[in-house]
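Read off the chains here:
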Amino acid sequence: MASVTGFRVLPFFVSNSENKYGSRVQVRSLGDADANVLSSNSVVVNGTSIGGERGKGGTSIDQGNGHLRSKVEEKRRVKDEALETLKPLWNDGYGTETVRDFFDMAKDIVKHDGGPPRWFCPVSCGRPLKDSPILLFLPGMDGTGLGLVLHHKALGKAFEVWCLHIPVHDRTPFEGLVKLVEETVRFEHALSPHKPIYLVGDSFGGCLALAVASRNPAIDLVLILSNPATSFGRSQLQPLFPILEAMPDGLHSAVPYLLSSIMGDPVKMAAVNIESSFPPGQRFERLSRSLTGLLPYLSGFDDIIPRDTLLWKLKLLKSATAYANSRLHAVKAEVLVLASGKDNVLPSRDEAERLKNSLQDCVVRHFKDNGHTLLLEDGIGLMTVIKGTSKFRHSRRHSYTSDFIPPSMTELNHACDQIIGLFGVATDPILFSTLEDGKIMKGLAGVPSEGPVLLVGNHMFMGLEVPSLAEGFLREKNIMIRGLAHPMLFSRMSQSSSSEFSITDWVKVLGAVPVTGSNFFKLLSTKSHVLLYPGGSREALHYKGEEYKLFWPDQQEFVRMAARFGATIVPFGAVGEDDVAEVGSLNSRV
C-alpha cells in the first residue's frame, strides 16, 4: 500500500549534531510501513527514530489511496501566509550553496539510505510566493535528488519544489518510477487543476519526464530537460559498459574518477560562488583554491553510485531511453531543452535538435561551455532561464504582467557584467532629473516613486540607452521599469533551435513586454513604471543623417491611456549615443 509520511527533519540532512542541513521538510514515499510524526529534533533512518522522542500529537494521516489529508490543509495554510510578490533585486541565494554541499549532503544520504523512492522538499527552498505552481525534480544517474542544490533558494520563491530521491540500493524498474511520478502529477492536478505542473528532468530524469508527459497529455505540464538521456543509445561511453560489468571489485575504485572527469567541468563547478566582478588575479586565486578544495570530493561518486548500483542504473537507463523515445509523438507538454556544448557523456547538442523536430512544442537553449552536469556548474541560473524563455506561468496562458518575477541582484549584476559589459564602462552614462521647482539635479529624485508612471522618450542608436536606464532605476530607486518592446523579440521566429541564452532572453528577465494595447493597459492598471518609445524600431534603427530625429506618429494614443489611469507622464531625452557611431559607416565617431 502506498503511504505518505510527514517528517519534521529530513534524515538525509541530519546525520550528526554538527550537520548544518537540518530543518523541517516533508517526505512522501511508497511503502507499507505505518507513517509516524516525529518531534522537531528527531532523525529517522529506515523507519527508526534517533535522537528524539516520538510526538504524541501531530499530522493526521490517511493511507487510503496513498494520499495525505493534511497535505491539502497545509497548502491552504501556506497559501494564506505566503508573500504576494517579490521586490526587485531580491536575494536568490546563488553561490551560497556549492557542489561541495552537494557531495556533503549526498554522502549523508547514502550513509542511512533505505526504503523505496520518495519525495522531499529541500529546506533551503523556503516558502514560495502565493499560488505558486509545483515543480517536481527528477534526478539523473546519481538518484539523490540534490541536483538543484545551486538553485534551491531561487526556485523556492516561485515554485513549491519537490525532489525525487531514489535510494542507492533501490531496484524499482523504470515503469515503477513512471507510476510514482504519474500518481503525484495526477494528485497535484486534482488539487489545482488550473495550475501547470513543472517537471525538471536531469539526464535520466529527462526520460522519466517525457514518459510521464506522454501518458498524461490532458494535464498541463511544462518540461524542462537538462541534457536528457534520450540519446543514450548514441553515447560515446557505450564501449565502456561491457568493461564495467567485467571489472573486478578491486578496480572499481577507479571508476568514480573516470565518471567525475567526463560528467562535468570541474572548473565550472568550482566557479559557482566566485563573482565575475573580481579582478582577474583575485578571481584566478579564488578559483584555484576552490578547485583544489573540490577535487577530493569527486571521489565521492564511489559511495553515491557503488558498483552494483552503477550496473543497475545503466540497465535502467537503457529501458528509460527506449520507453521515452517510443512515445515522443504522444507528448503534448510545453518543453524547454537545455543542452551543453561540452557534454562528454551524451551527444546533447545533436539530441536537442532532434527533440526540437520531434516534439510538438519545444524550445532549446544551448550552453556551449558547460558539461553534462549542467545544473551543478557555473554560468546557468535555472530560474533565470525559465523567466528568460517565458516559461514561468501560474495558469494555462503566460501573462507578461501577472507572471513577471523581478530580477534578483545576481541577475542584475550578471546582466551588467556580461551583457552591458564594456559598453557601460566606455560610455559611463549619467542620469539627470528635474524636481518640481524646476531644479535639475543628478540622479532620479525628480521621478515619482509611486506609480503609475509613464516614461516617454526618444530612441537613440540601436536603443543602447535602455540597459543604463533600467539599471539606474533599479539601483537608485529599486523600481522595475517595464519597457514596451517590439513583438518580434518575443516571437518564435526570433528563437532559432540552436540559440543560446542571449540578449533577447535577458530583455524579458529585465521586464520587457510586447508593445500591445492590452499589455499597456495591464501595466498601468497595476501602477507600474512603464517605458514607451513612440518612435519604435524605426527610430532606433535610423539612418545616417537622421541623428536625434524623432519618428513619432501624429496621434499619441498613449496620452489618452495614461489619463485614464491618472498616470504621471515623465518625458525624457537621451543625448550622446548618436555621436558614438553611424549606421552604414565602418568608422566610429567618439
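About the cut-offs
Residues numbered from 1 in each chain as written. Predicted model: local features only at pLDDT ≥ 70, side-chain atom pairs only at ≥ 80, totals over all residues. Heavy atoms only, no water. Helix = DSSP H or I, 4+ residues; strand = E, 2+ residues; numbered from the N terminus. Buried < 20%, exposed > 50% of the residue type's maximum accessible area, 1.4 Å probe, protein only. Contact = heavy atoms within 4.5 Å. Areas by Shrake-Rupley, 256 points an atom, 1.4 Å probe, with all protein chains shown as cover. Expected span 1.5 Å × (residues − 1). Phe/Tyr/Trp six-rings, centres within 6.5 Å; stacked < 30°, edge-to-face > 60°. Lys NZ or Arg CZ within 6 Å of the ring centre and 35° of its normal. Core = buried A, V, L, I, M, F, W, Y, C linked by side-chain atoms within 4.5 Å. Salt bridge = Lys/Arg side-chain N within 4 Å of Asp/Glu carboxyl O. pLDDT = per-residue confidence, 0-100.

### Some points on the overall build of the chain
The number of helices and strands found in the chain is 19 helices and 18 strands. The buried share among the 590 residues of the chain stands at 52%. The contacts of the chain with a sequence gap of at least 6 include a subset with a gap of at least 24, amounting to 79%. For the chain, the accessible area works out to roughly 26,600 Å², and carbon and sulfur atoms hold 54% of it.

### Topic: the environment of L355
With respect to the helices and strands, L355 occurs in helix 12 (residues 348-358). When the C-alpha positions of L355 and N325 are compared, they lie 9.6 Å apart, and in sequence the two are 30 residues distant. When residues no more than four places from it in sequence are discounted, the contact partners of L355 are P228, T230, L328, V337 and C362.

### Considerations on helix 2 (residues 99-111)
Structural remark: α-helix, 3.6 residues per turn; residues separated by three or four positions point the same way. Here helix 2 is 13 residues long and its end C-alpha atoms lie 19 Å apart, about the 18 Å a rise of 1.5 Å per residue gives. Those residues of helix 2 not exposed but buried are V99, D101, F102, F103, M105, A106, D108 and I109.

### Re the packing of aromatic side chains
Two numbers describe a pair of aromatic rings. These are the distance of the centres and the angle of the planes. All told, the structure shown has 10 aromatic pairs when counted by the stated rule. Here the aromatic rings of W119 and W162 are separated by 6.3 Å at their centres, their planes lie at 50 degrees, and the arrangement is tilted. A residue pair is termed long-range when its members are at least 10 positions apart, and W119 in strand 5 (residues 118-120) and W162 in strand 7 (residues 160-165) qualify at 43 residues. Taking relative accessible area as the criterion, W119 reaches 1% and is therefore assigned buried. Between F159 and F392, the ring centres sit 5.3 Å apart and the planes meet at 90 degrees, which makes this aromatic pair edge-to-face. Here F392 lies in the loop between helix 13 (382-388) and helix 14 (409-427) and F159 lies in the loop between helix 3 (152-158) and strand 7, a separation of 233 residues in the sequence. Note on F392: relative accessible area 4%, which makes it buried. Of the aromatic side chains, those joined through ring pairs into one cluster are F159, Y198 and F392. The ring of F404 carries R482 above its face, with NZ or CZ at 3.8 Å from the centroid.

### Observations regarding the nonpolar core
Counting 101 residues, the largest nonpolar core has F159 and L223 as its most contacted members. Ranked by residues supplied to this core, first place goes to helix 5 (residues 204-215) with eight residues. When sequence neighbours within four positions are dropped, the list of residues in contact with F159 reads P128, S132, P133, L135, Y198, M383, I386 and F392. If you look at the next biggest cluster of nonpolar residues, it comprises 17 residues, including Y400, F490, A512 and L523.

### Looking at the pattern of salt bridges
In this structure the tally under the stated criterion is 12 salt bridges. A salt bridge links R215 to E182; the shortest N-O distance between them is 2.9 Å. Linking R215 in helix 5 with E182 in helix 4 (residues 174-191), this pair joins segments that are 33 residues apart in sequence. Classification of R215 by relative accessible area gives partly exposed; the value is 38%. The salt bridge partner of E351 is R354, with a shortest N-O separation of 2.7 Å. On the criterion of helical spacing, the pair formed by E351 and R354 is a turn pair, its members being three residues apart in helix 12. Taken together, the salt bridges that share partners define one network made up of D220, E334, K391 and R393.

### Structural notes on the confidence of the model for the chain
As a note on interpretation, predicted positions should not be read in detail where pLDDT is low. Scored by pLDDT, the chain has a mean of 79; 73% of the residues are at 70 or more. Segment residues 1-26 is flagged for pLDDT under 50; beyond a separation of four residues in sequence, or across chains, it makes 87 contacts in the model. Across residues 585-590, confidence stays below pLDDT 50; counting only partners more than four residues off in sequence or on other chains, it has nine contacts.

### As for unusual backbone geometry
Omega for the bond connecting G451 with P452 falls within 30 degrees of zero, at 5 degrees, which places this linkage in the cis form. Structurally, P452 is set in the loop between strand 13 (440-442) and strand 14 (453-457). Phi is positive for S203, close to 55 degrees, though the residue is something other than glycine. Relative to the assigned elements, S203 resides in the loop between strand 8 (197-202) and helix 5. A relative accessible area of 6% places S203 in the buried class.

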